Amino acid sequence: MNASAMQLATWWQALPVIVAVLAALYLPGGGVAVASGRRGVDLVALAPVVSIVIVGMSGIVAYAIGLPWGWPCYLIATAAVCVVVVGVRIVSTRFGRSPLRAAGASGDAPLEPVRRPVWWRRVTPALAGLLAAASTTVRLIHAVPSPDQITQNYDSVFHDNIVARIIVTGQASSLHALPPIRDVYPIAFQQFAALGALAVRGTTAAAAITGAWLVFAALLWPTAVLFLVRRICGAHAITDFLAPLLAAVCAGGPFLLLDWGTLYSMFAGNVVLPVLLGLVWTWCASGWKRGVRDAGLGLVWIAVAVLAVSLCHFRVMMTGLLLALPVLVVWVFDVLRAVRRSSKALFHALIVGGALVIAAVLALGVRVFMLMYLRGADRPIAAHLNGGPAQPTEHIPSAIMRFLLGRPIDSSNTPLAVFWPVAVLIVGALIVALVVHSRESLMLVASFVLLGFTFVSSAGTHADWAKVLTALWYKDQRRPFAAWPIVAAALICWAVGHLVTTYGARCVARRPWTRSIVAVLVVAFALMACAINPQLDGMGRAVGRTYGFAAGDADSPMLSRDEYLMLKRMSALVPEGERVVSDPWNGSGFLLAVGWRTPFYPHLSMMWDHDHDYLARNLHAIDTDPEVCAIIQRNDLHWYLDMGGSFAPHDPQHVMFAGMRPVPGAMEPVARQGRAVLYRIVACGMPR
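Residues numbered from 1 in each chain as written. Predicted model: local features only at pLDDT ≥ 70, side-chain atom pairs only at ≥ 80, totals over all residues. Heavy atoms only, no water.

Trainee: Any chance you could explain the overall build of the chain here in plain terms?
Mentor: When its secondary structure is counted, the chain shows 27 helices and four strands. The C-alpha radius of gyration computed for the chain amounts to 27 Å, which stays within 12% of the reference 26 Å derived for 688 residues, consistent with globular compactness. Overall, the chain is about 90 × 60 × 55 Å in size when its C-alpha atoms are taken along their principal axes. When each of the 688 residues of the chain is scored for burial, the buried share is 55%. Carbon together with sulfur atoms contributes 68% to the accessible area of the chain, which is approximately 28,800 Å² in total. Looking at charge distribution, the chain has the averaged site of its 52 positive side-chain charges lying 18 Å from that of its 35 negative ones. (Helix = DSSP H or I, 4+ residues; strand = E, 2+ residues; numbered from the N terminus. Rg over C-alpha atoms; globule rule 2.2 N^0.38 Å. Buried < 20%, exposed > 50% of the residue type's maximum accessible area, 1.4 Å probe, protein only. Areas by Shrake-Rupley, 256 points an atom, 1.4 Å probe, with all protein chains shown as cover. Lys, Arg positive; Asp, Glu negative; His and termini not counted. Charge placed at Lys NZ, Arg CZ, Asp CG, Glu CD.)

Shown next as structure tokens:
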């Protein structure tokens, strides 16, 4: 027996997997970004975005042409992209300056004259990023002692088994994610987890997913927020230091969606979103005015970021559109003003055409809404979006106050503590932005208000209008609230940058010691936010509960420690290629993800055929029912795994499995771990 199968993995053992995911996320995309002329913060932020696109598209293309996907396929696709980018740069250089470099340079618009920064200004973002990464890493390790632990709920079975399927079959297409359970589903995040497991043999899918989450949360997330702040505020030492920290320590940090358990794909999209918003902000502010070539290349980078977000989870694009809406509206007015100055006829044509398009889209939306929700006297909308996380948790005034203060709820709907330093900063930033009322400040305030309106509609009321408004976020308050740090960090950093730019030089000239006071305050805030943060402490406890094993013989959550270790032993006990019969609701749904063996019931609920349905209801009659034996022989089933009862015994979808239990004489025990027992089926003429 492999000793690693008899114990949970430690974080030290998972370190090679984390390094492999880190390399997969940064090195291939980094090569492409360097080839395109990116440097500094742009390089670090855009490298993962490019890698995500290459990973996602290579999986789709490999499946289409019948090739197995993995490291070789990923690296070949990266090399092909690098060749194309280098070729474009060489050709464009023969006819002028490189458009790729020009497009990259257009994004940095500092508020103060460009000058070579002193050394401590160059290392400020790195120091803040290290502190943010350390805060996230330490809190995750404290909450989850072993990376082998798993978030045990309905959807986790789907996500973890996607990773395992990629590793086992080499199929990694988002158009064929996990058939027959679900075909179209964005799986870029799961592909990075799979690359980590492929690089380190013996890694469970659960450990690979946890390692991939840590890389996205600790490294990519703070860098992406810094990229957005740089694009809005320019390069300032103080905002470069604040941006990564705010991403890691406010509004539940990056842990909010992890606490809910299975939003890995949506979390990954949310992590990439600040990069997309930064590119859109730059292009709408000035990029579109820089000539056809540079404007076109700016749109190419935006398209790459849109594709990256969508390959992580396309619904995150709705949050992106919400936050970018004020910027886009202002840009439309800028374009119309420019067109009006050059051609009044074209201006009027655009106005009429735009009005017709908007009216047509609205009419179509109203028509669809009426057909789906308002036909009939029973108003069927009342039955939609009513379950679980779709329920409101408070009234509207309370939801407004909670959003304003950046106060999330955990998975048990308990509000976390207010982290007052950040709450004071966001309120102060809103006041400064409204007093200054510049174009940039008002756009940021508008984004904050739009996000808040969506959140309050979900958290504060169950009215039909709120269901319609928030349906694109599943009428769930956690998904939009996870974007709170994005807009809050940008707004706070803009306000701080404005105050420093407007009053900083004057104050330092009169009182030189003010620079030291500000530096001490910022460092004190950073250390307190990372070390003494009751909101993140509560978030960590919630994540720990989400990952916790069942105690003793409890059935909920799905797996106890012993049951997990039994699954981990399956590859040594069951020959490769043979399937295991078990009730998927008792935790054996994770069999593929943890034990690398295929369960006969691959998910908790699906459209079962006759053999699956009949066997689930009648396995207990294996020694008396010839149809049960016929199914076992027809499907060549040799193994039955008993792991206790269902974690949701009253769920209607579990009713069909009520007939599954071990039958003495028809099954012989082969291995035991706690109450989990693996049996060999010896009835029905099956060989012993």
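Next comes the rest of the description.
Trainee: Mind showing me how you'd approach the packing of helix H2 (residues 40-65) against helix H11 (residues 264-285) here?
Mentor: Think of two packed helices as two axes; the pair is described by the angle between the axes and how far apart they sit. Across the interface, H2 lies against H11 with an axial gap of 10 Å and an inter-helix angle of 110 degrees. With respect to H11, the element H2 is oriented roughly perpendicular. Residues Ala45, Leu46, Val49 and Ile52 of H2 form the contact with H11, whose own contacting residues are Val272, Val275 and Leu279. Per-class residue counts for the contact of H2 with H11 are seven nonpolar, no polar and no charged. (Axes fitted to C-alpha atoms, helices over the stretch in contact; angles between N-to-C directions. Parallel < 35°, antiparallel > 145°, perpendicular 65-115°, else oblique. Contact = heavy atoms within 4.5 Å. Nonpolar A, V, L, I, M, F, W, Y, C, P; charged D, E, K, R; others polar.)

Trainee: For this particular structure, what's the right way to read helix H12 (residues 292-313)?
Mentor: Helical periodicity: at 3.6 residues per turn, an α-helix aligns residues three or four positions apart in one direction. For H12, which comprises 22 residues, the first-to-last C-alpha distance of 31 Å matches the rise-based estimate of 32 Å (1.5 Å per residue) to within 8%. Within H12, burial applies to Asp294, Ala295, Leu297, Gly298, Trp301, Ile302, Ala305, Ala308, Val309, Leu311, Cys312 and His313. (Expected span 1.5 Å × (residues − 1).)

Trainee: I tried to follow the environment of Val84 on my own but got confused; where do I start?
Mentor: Counting through the fold element by element, Val84 comes out in helix H3 (residues 71-93). Along the sequence, Val84 and Val32 sit 52 residues apart, while their C-alpha atoms lie 9.5 Å from each other.

Trainee: Can you walk me through the environment of Val487 in this structure?
Mentor: Turning to its location among the elements, Val487 is positioned in helix H20 (residues 484-510). Classification of Val487 as buried rests on a relative accessible area of 5%. Between the C-alpha atom of Val487 and that of Cys629, which follows or precedes it by 142 residues, the distance is 61 Å. Apart from residues no more than four positions distant in its own chain, Val487 is found in contact with Leu323, Leu444, Ser447, Phe448 and Leu451.

Trainee: In this structure, what is going on with the confidence of the model for the chain? I would like to understand it.
Mentor: Should pLDDT be low for a region, the predicted coordinates there are not to be read in detail. Here the chain averages 86 in pLDDT, while 91% of its residues score no lower than 70. Note that pLDDT drops below 50 for residues 98-114; the model gives that stretch 41 contacts with residues more than four away or on any other chain. (pLDDT = per-residue confidence, 0-100.)

Trainee: Looking at this model, I keep getting lost on the state of the cysteines. Mind explaining?
Mentor: What makes a disulfide is a covalent bond joining the sulfur atoms belonging to two cysteines. Applying the stated rule across the entire model yields one disulfide. Bridging Cys629 to Cys684, the disulfide has an S-S length of 2.1 Å. As the torsion about the S-S bond is roughly -70 degrees, the Cys629-Cys684 disulfide counts as left-handed. With Cys629 in helix H27 (residues 626-634) and Cys684 in the segment after strand S4 (676-681), this residue pair connects regions lying 55 residues apart in the sequence. (Disulfide = S-S within 2.5 Å.)

Trainee: Looking at this structure, how should I read a nonpolar patch on the surface?
Mentor: Together, Ile396, Ile400, Phe453, Trp465 and Leu469 line one region of the surface with nonpolar side chains, adding up to about 450 Å² of accessible area. Within the fold, Phe453 resides in helix H17 (residues 439-459). Phe453 sits in the partly exposed class, given a relative accessible area of 45%. (Patch = residues over 30% accessible without salt bridge, like charges linked within 9 Å, V, L, I, M, F, W, Y side chains within 5 Å. Salt bridge = Lys/Arg side-chain N within 4 Å of Asp/Glu carboxyl O.)

Trainee: What am I meant to see in the pairing of strand S3 (residues 667-673) here?
Mentor: The side chains of a regular strand alternate, residue by residue, between the two faces of the sheet. Relative to S4, S3 runs antiparallel, the two being bridged by six bridges. Looking across to S4, one finds that Glu668 is bridged to Arg680. With antiparallel pairing between neighbouring strands as the criterion, S3 and S4 make up a hairpin whose turn holds two residues, including Gly674 at a positive phi of roughly 65 degrees. (Pairing = 2+ DSSP bridges.)

Trainee: Explain unusual backbone geometry here, please?
Mentor: With the exception of glycine, most residues fall at negative phi, and the peptide bonds are largely trans. Following Pro179, the chain continues to Pro180 via a peptide bond in cis, the omega torsion being 0 degrees. As for its placement among the helices and strands, Pro180 is situated in the loop between helix H6 (154-169) and helix H7 (188-199). Backbone geometry places Cys684, a non-glycine residue, at a positive phi of 65 degrees. Looking at Cys684, the relative accessible area reads 13%, which means it is buried.

Trainee: Got a minute to help me understand the side chain of His638 in this structure?
Mentor: In this structure, His638 sits in the loop between H27 and strand S2 (639-642). For His638, the side chain forms a polar contact with the side chain of Asp636, separated by 2.7 Å. Here His638 is in contact with Glu578, Arg579, Tyr679, Arg680, Ile681, Met686 and Pro687, once residues within four sequence places are set aside. (Polar contact = N/O pair within 3.5 Å; in protein donor to acceptor, adjacent residues only side chain to side chain.)

Trainee: It is not clear to me how the pairing of S2 should be interpreted in this structure. Could you clarify?
Mentor: The alternating pattern of S2 places Trp639 and Leu641 and Tyr640 and Asp642 on opposite faces, both of which are buried. Bridging between strand S1 (residues 580-581) and S2 involves two bridges; their strand directions are parallel. Bridged to Val580 within S2 is Trp639. Summarising the sheet, S2 and S4 pair through four bridges and their orientation is antiparallel. Opposite Tyr640, over in S4, you have Tyr679 as the bridge partner.

Trainee: Would you take a moment to explain the sheet that holds S4 for this structure?
Mentor: Two orientations exist for strands paired in a sheet by backbone hydrogen bonds: parallel and antiparallel. Spatial strand order, S1-S2-S4-S3: four strands in an open sheet with mixed pairing. Two strands close off the open sheet at either side, each with one partner strand: S1 and S3. Along the sheet face, helix H23 (residues 561-568) touches S2, S3 and S4 and points at about 115 degrees away from the line of S3.

Trainee: Looking at this model, I keep getting lost on the pattern of salt bridges. Mind explaining?
Mentor: Where side chains of opposite charge bring their charged atoms close, a pairing between them can arise. In this structure the tally under the stated criterion is 16 salt bridges. A salt bridge links Arg545 to Asp410; the nearest nitrogen and oxygen atoms lie 3.2 Å apart. One end of the pair, Arg545, is in helix H22 (residues 534-547); the other, Asp410, is in the loop between helix H15 (396-404) and helix H16 (420-436), and 135 residues separate them in sequence. For Arg545, a relative accessible area of 51% gives the class exposed. A residue is classified by how much of its surface remains accessible, and Asp410, at 3% relative accessible area, is buried. The shortest N-O distance in the salt bridge between Arg675 and Glu563 comes to 2.9 Å. Pair noted here: Arg675 is in the loop between S3 and S4 and Glu563 is in helix H23, with a separation of 112 residues, a long-range link. Judged by relative accessible area, which is 23%, Arg675 ranks as partly exposed. In this structure Glu563 comes out as buried when scored by relative accessible area, which is 0%. Through salt bridges with shared partners, one network takes in Arg38, Asp42 and Arg231.

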